Amino acid sequence: MSSTPPSAPAGTPDLVNEGVRRTLARHPRPAGGDPVKNLDAPVVSLSGMVLNNSGGAETLAPKRKPDWLRAKVPGGPGYTRLKNIMTEHRLFTVCEEAGCPNMGECWSRGVATIMILGDTCTRACGFCNVKTGRPATLDKDEPRRVAESLALMGLKHVVITSVNRDELADGGAGIWAETIVRSKAACPEMSIEVLIPDFEGNWPALQMVIDAQPHIINHNLETIRRMYPAVRPSAKFDRSLELLRRVKEAGGVAKTGIMVGIGEHDEEVLQLMDDVRTASRADILTVGQYLHPPRNHLPIDRWVHPAQFAMFKRQALERGFRVCESGPLVRSSYHADDQAATLAGFRH
């Protein structure tokens, strides 16, 4: 297969090359980093399967999206108002950084996902479009700025997430806790969900977040156990299960999410559901289609049909999850405001 992206017809924008240009501009080193740099030599190498990997011997062209994967272009007064506030207060959103397909719908609903601790992640996961590298100096004023900005936005529900800050002793947990406390004080009518990293298994750091009492604590497993070396090389499947268990043990609402279409099999997805319920009794599961970033990330293995997503939802509910959002465009914050109302007892 050719490693050269297809050219656009004469007289039309070259969207492929433009997408590549934007992605490379966002990443200070090769986009997505090197997902296997810290691992022993793998039994089976996936490096030749990374999408458009400029140094690899084998490259894959992007797969054409099926008709059911169509999202509305972001726009409208609600979207514009939120975007202007975030720009003015120098806030990052994972909606924009990760290219979420539901950004327009969520922002119009009064739901947004704020990303704290900067826009540079210390890890290099094989699926993620957030830039990687050495983060800037810790912004200790960020919790105040986030809380004040949220008060201006008038949101029903906010999801707060972050990059990994593994260079910090507490993984950023102190900033996490202060952001939650200040946001609750500034916006008492707003429900708060946090989508947190694993803090490298630093459980006292996790407890700081739990003690701040957000309404929902989410930590995404992202994929099935077998795929971790390629998809989440710096994470551990069992460590993430333990995090969810500790959240439930402390009386919190626990949530997790995965992508499908990245190389897993259906039976492995069902096994993951069993593992999560056995280990943690987590409340909420989200399942969505993997949509690869433009370049140097793991390729799409398959497009999962909506009927399969419906099956995943049935199976999750049968296994005891209280809520399951499962669909091609579902992301971890999809309909998160409804989940807070249903499970955390929060009434807007």
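Everything quoted here is computed from the prediction, not taken from an experiment.

Enquirer: Break down the overall build of the protein for me, citing the residues and quoting the values.
Expert: The helix and strand tally for the protein stands at 12 helices and eight strands. Taken over 348 residues, the protein has a buried fraction of 53%. Taking the contacts inside the protein whose residues are at least 6 apart along the sequence as the reference set, 75% of them involve residues at least 24 apart. On the protein, roughly 15,700 Å² of surface is accessible, and the fraction owed to carbon and sulfur atoms is 53%.

Enquirer: Please set out the nonpolar core residue by residue, giving values where relevant.
Expert: Judged by nonpolar contacts, the single largest core of 72 residues is most densely connected at Leu150, Trp176, Val194, Ile196 and Phe312. Residues within four places of Trp176 in sequence aside, it is in contact with Ile116, Leu117, Ile160, Thr161, Ser162, Val194, Leu195, Ile196, Pro197, Phe199 and Val209. Ile216, Val253, Val323 and Leu343 belong to the second largest nonpolar core, which has six residues in total.

Enquirer: Explain unusual backbone geometry to me, using residue names and the numbers behind them.
Expert: Trans peptide bonds make up the majority, and among non-glycine residues the majority have a negative phi. Here Leu117, not a glycine, exhibits a phi torsion of approximately 65°, which is positive. Mapped onto the elements of the fold, Leu117 is located in the loop between β2 (111-116) and α5 (142-153). Non-glycine residue Arg281 carries a positive phi angle of around 55°. Structurally, the position occupied by Arg281 is in the loop between α10 (266-280) and β7 (284-289). Here Arg281 falls in the partly exposed class, since its relative accessible area comes to 48%.

Enquirer: Outline the packing of α10 against helix α11 (residues 306-318), supporting the account with residue identities and numerical values.
Expert: Any two packed helices are characterised by the angle at which their axes cross and by the distance between the axes. Put simply, α10 and α11 touch, their axes get as near as 10 Å, and they point 25° apart. It follows that α10 is roughly parallel to α11 by the angle criterion. For α10 against α11, the interelement crossing comes out right-handed. Of the residues in α11, those touching α10 at Asp266, Val269, Leu270 and Met273 are Gln308, Met311, Phe312, Gln315 and Ala316. Taken together, the residues of the contact of α10 with α11 sort by class into six nonpolar, two polar and one charged.

Enquirer: Give a detailed account of α11, specifying residues and quantitative values.
Expert: Taking 1.5 Å of rise per residue, 13 residues should cover 18 Å, and α11 covers 19 Å from first to last C-alpha, within 8% of that figure. Inspection of α11 places Phe309, Met311, Phe312 and Ala316 among the buried residues, and these make up the whole buried set. Along the axis of α11, the buried positions cluster into a sector of 155°, meaning they face one direction only. For α11, the secondary structure elements touched by its buried residues are β6 (254-260), α10, β7 and β8 (323-327). Just beyond α11, the residue with positive phi is Gly320, at close to 110°.

Enquirer: Account for helix α6 (residues 173-186), with residues named and values stated.
Expert: In this model α6 runs 20 Å from its N-terminal to its C-terminal C-alpha over 14 residues, within 8% of the 20 Å that 1.5 Å per residue would give. Among the residues of α6, those classed as buried are Ala173, Ile175, Trp176, Ala177, Thr179, Ile180 and Ser183. Residues of α6 that are buried in the fold lie against β2, α5, β3 (157-162), β4 (191-195) and α7 (203-211).

Enquirer: Give me the packing of aromatic side chains: which residues, what numbers.
Expert: One pass over the structure, following the stated rule, counts two aromatic pairs. Residues Tyr228 and Phe237 carry aromatic rings whose centres are separated by 5.4 Å and whose planes lie at 80° to one another, so their mutual orientation is edge-to-face. Aromatic side chains Phe309 and Phe312 sit 6.3 Å apart centroid to centroid with 80° between the ring planes, which places their arrangement in the edge-to-face category. Of this pair, Phe309 and Phe312 both sit in helix α11, three residues apart, roughly one helical turn. Here Phe309 matches Phe312 in class, with each residue buried.

About the criteria used
- For every chain, the first residue of its written sequence is number 1, and the numbers climb from 1 along that sequence.
- Under the rules for a predicted model, residues below a pLDDT of 70 receive no local features and side-chain atom pairs below 80 are neither given nor counted, while totals for whole chains, interfaces and linings still include all residues.
- Where side-chain values are given, they derive from all heavy atoms of the structure, hydrogens and water being excluded.
- Only DSSP runs of H or I with at least four residues qualify as helices, and only runs of E with at least two residues qualify as strands; both kinds are numbered from the N terminus onward.
- Partly exposed residues are those whose accessible area sits between 20% and 50% of the maximum for their type, while under 20% is buried and over 50% is exposed, using a 1.4 Å probe and protein chains only.
- Contacts were defined at the residue level, with two residues in contact if any of their heavy atoms lie within 4.5 Å.
- For the area figures, the Shrake-Rupley method with a 1.4 Å probe applies, and any residue is considered shielded solely by the protein chains shown.
- The set of buried Ala, Val, Leu, Ile, Met, Phe, Trp, Tyr and Cys residues whose side-chain atoms join them within 4.5 Å is what this entry labels a nonpolar core.
- Axis definition: a line fit to C-alpha positions, over the contact stretch in the case of helices; interaxial angles, taken between N-to-C directions, run 0 to 180 degrees.
- What sets the label is the angle itself: under 35 degrees gives roughly parallel, over 145 gives roughly antiparallel, 65 to 115 gives roughly perpendicular, and the rest give oblique.
- By definition, any crossing whose near helix is turned counterclockwise from its far helix by less than a right angle is left-handed, and any crossing with a clockwise turn is right-handed.
- Charged means Asp, Glu, Lys or Arg here, nonpolar means Ala, Val, Leu, Ile, Met, Phe, Trp, Tyr, Cys or Pro, and polar covers whatever is left, Gly included.
- One fewer than the residue count of a helix, multiplied by 1.5 Å, yields its expected span.
- The arc in question is the one traced by the directions running from the helix axis out to the C-beta atoms.
- Aromatic pairing here means that ring centres of Phe, Tyr or Trp (its six-membered ring) are within 6.5 Å. Orientation follows from the plane angle: under 30 degrees is stacked, over 60 is edge-to-face, and everything else is tilted.

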